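# Notes for the structure review
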Amino acid sequence: MRKRWVAAIVASSMLAGAGGTYIGISYYAGEQIDAEKSKTHSGANENSAVTFDIEKMESAYQLILNSYVEEVESEELAEGAIQGMLATLDDPYSVYMDEESARQFNEALESSFEGIGAEVSKVDGKIVIVSPFKDSPAEKAGLKPDDEILKVDGDSVEGLDLNEATLKIRGEKGTKVKLEIARTGLNKPLQIEVKRDEIPQITVYSEVKKENGKKIGYMEITSFSEDTASEFSDQLKKLEKEGVEGLLIDVRGNPGGFLTSVEEILGELVTKEKPFVQIEQRNGERSTYFSEREEEKDYPIAVLIDKGSASASEILAGALKEAGGYTLIGEKTFGKGTVQQPMAMGDGSNIKLTLFKWLTPDGNWIHKKGIEPTLEVTQPDLYRTHPLQLEETLKKDMNSEEVQFAQEILTALGFEPGRADGYFSTETEVAVRAFQRLHDLETSGEVDGKTAQALQQAVLEEIKNENNDLQLQAGLKYLAQ
C-alpha cells in the first residue's frame, strides 16, 4: 500500500496547467519526466515534509478502510485519493482515467471510434462542446461550439470531471443519447437526441477550387491524429502537381490533437527563420522548435479559423501567422494554450497530465484568449439557427421560443415571417405556407413535425452550399487576388 501512495505523490508532483494537445513520447524523449529523479529533493527538510505527507495519507487510508461505518474497497479509496489530488489543481484537463476510461481514450486517437463525434472540454467548471466533427452525428443533430451540456440521458453532469462526462456521452454505434444543452441567447435548455455512430479518423480532405480563373488548393484538417501529417503531405503533393496558385488551410472546428503532427505539417510550410512554437516548462524555461525548411512556398497561403479551432489548431494558426506572415481568416479561436500527455500508472489506468505551456513564435500565450484573425469574417445567420423541438404544433397567435426559432430559420432561408420575436403572426403563417408549398408539404400554415423536420433539413442543405460559406468565399477571393 505504501508504494501505491508514493506513486500517487510522485504523479501529483508533475501536474500543472490545462490544455488539450498531446505530445508524442518520441518527440519529447529527451524531456520525459524521470519518476526516480522526481523523488529526489534538495534538502532534508523537504524529505521530511514528503515523508510526513505520505504517512499522513497512509494513516487516513487505514482509518477509513478499517473504521468507517460501512465497508469500502481499498481500490476505490486509492482512486479517490488520486482524483482528490488532481481536483486541487483546478485544471479540468489533468484527469485520472481508470483502465476502461484509458482504453476508450486511446481508441479516440485511433483510426476510428464509436460515439457522437464531438470534442468536449471543461471551461469554468462547465462541460462544453468545443466543436462537433465534420459530418458527425453531433453536427447533424445541431450541436454547436460553446453549447454547455447540462444533462446526459436525464442525469446531471454537475460535479463530474471531464473524463466522466465524456464517457457518459460516448457509446456503441446505433444507440442514442439525449443531451440537455444550454445555449447562449436561449431562455430554456435544448433537448437534443444524437444517434451514435462510427466516427472515422480520416483527418485531411483536399480539392482544387477555381476562383477568378486561378486554381486554389483547399485543405481541411478536422483533427491532428497520428496519421494527419502523412495525409497532409500526400495531398499537398497532389495539389502542387495540379499547379495550384494558392493554398487555403481550413482548421475551423478542429479541436486539436498531436503536437508532433503539427510540427511535421509546419515543416512543409514555414522556414527556419523563426521558431514555429515555444514550449515553456513549469520553471519558466523555454525550448524553441524550428522548421528545417529553407525557402517559402512559391504561392500564397491563408488559414480559416473559428471559435471551434483549438489547441493544436491554434499552434498551426499562430505559427503560420507569426512565423510565416500568412493571413488568418474567420473568427477568434478557442484559446487552449497547454500541452498534455497520458502517463501510465502501471495497471492499465493513467493520468492525463498537463506538462507544458505552449507559446506562439513571438512568445504569446493564447490560453483563454484565443488568436484573432487577420481578416474577420462572420458567417451568415443560417449558421446560428437552433433545432426545433416541438411539444405541439405551432399555430397562429401562439407566442413561444419555438416560434421564434422557426421564424429565424424561415428568415435565414429567405422567407419573410414578418417578425422574429416569437409571436406567430399572419405574416409568419404566410411564410410557413410558402415554405410548405416549395417543399411539397400540406400548406396548412402551421409548423407540425413534418414541417419542422423539413425546415431543419433545408438549413443543413444550405449550410453545405459553399456559396453560403462566407469565410470560405473570403479565403478563396483573398488568395485569387
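Provided above is the structure to which this section pertains.
A short tour of the structure in this document, coming up.

Before going further, it helps to examine the sheet that holds strand β17 (residues 327-330). Sheet strands line up and pair through hydrogen bonds in the backbone, either parallel or antiparallel. On the basis of which strands lie adjacent, the open sheet formed by 6 strands has the order β11-β12-β13-β16-β17-β20 and mixed pairing. Among the strands making up the open sheet, the edge pair consists of β11 (204-211) and β20 (375-376). Note that β11 and strand β12 (residues 214-221) share 8 bridges and pair antiparallel. From the neighbouring strand, Lys209 faces β12, where its bridge partner is Ile216. In the packing of helix α14 (residues 470-479) onto the sheet, the strands contacted are β11, β12, β13 (247-250), β16 (301-305) and β17, and the crossing angle to β16 comes to about 170°.

Let us now look at helix α13 (residues 449-464). The terminal C-alpha atoms of α13, which comprises 16 residues, lie 23 Å apart, in line with the 22 Å expected from a rise of 1.5 Å per residue. Taken together, the buried positions of α13 are Thr451, Ala452, Ala454, Leu455, Ala458 and Val459. End-on view of α13: buried residues confined to an arc of 165°, all on one side of the axis. Residues of α13 that are exposed and point over 90 degrees away from its buried face: Lys450, Gln453 and Lys464. Buried residues in α13 make contact with α11 (401-412) and α12 (426-438).

Summed over all chains, the structure comprises 17 salt bridges. Ionic pairing is found between Asp362 and Lys274, a salt bridge with its closest N-O pair at 2.6 Å. On the criterion of sequence distance, the pair formed by Asp362 in the loop between β19 (350-359) and β20 and Lys274 in the loop between α9 (259-266) and β14 (277-280) is long-range, its members being 88 residues apart. With relative accessibility at 27%, the residue Lys274 sits in the partly exposed group. Put simply, Lys357 and Glu280 hold a salt bridge, and the shortest N to O gap is 4.0 Å. Separated by 77 residues along the polypeptide, Lys357 in strand β19 and Glu280 in strand β14 bring together distant segments of the chain. In the salt-bridge network here, residues are joined through shared partners; they are Glu207, Lys209 and Glu466.

At a closest axis distance of 11 Å, the pairing of α12 and α13 adopts a crossing angle of 75°. Accordingly, the angle class assigned to the pair α12 and α13 is roughly perpendicular. Note on element contacts: α13 touches α12 through Thr451, Ala454, Leu455 and Ala458, opposite Val432, Phe435 and Gln436. Tallied by class, the residues present in the contact of α12 with α13 amount to 5 nonpolar, 2 polar and no charged.

Thresholds, definitions, all that
Residues numbered from 1 in each chain as written. Predicted model: local features only at pLDDT ≥ 70, side-chain atom pairs only at ≥ 80, totals over all residues. Heavy atoms only, no water. Pairing = 2+ DSSP bridges. Helix = DSSP H or I, 4+ residues; strand = E, 2+ residues; numbered from the N terminus. Contact = heavy atoms within 4.5 Å. Axes fitted to C-alpha atoms, helices over the stretch in contact; angles between N-to-C directions. Expected span 1.5 Å × (residues − 1). Buried < 20%, exposed > 50% of the residue type's maximum accessible area, 1.4 Å probe, protein only. Arc of directions from axis to C-beta. Salt bridge = Lys/Arg side-chain N within 4 Å of Asp/Glu carboxyl O. Parallel < 35°, antiparallel > 145°, perpendicular 65-115°, else oblique. Nonpolar A, V, L, I, M, F, W, Y, C, P; charged D, E, K, R; others polar.

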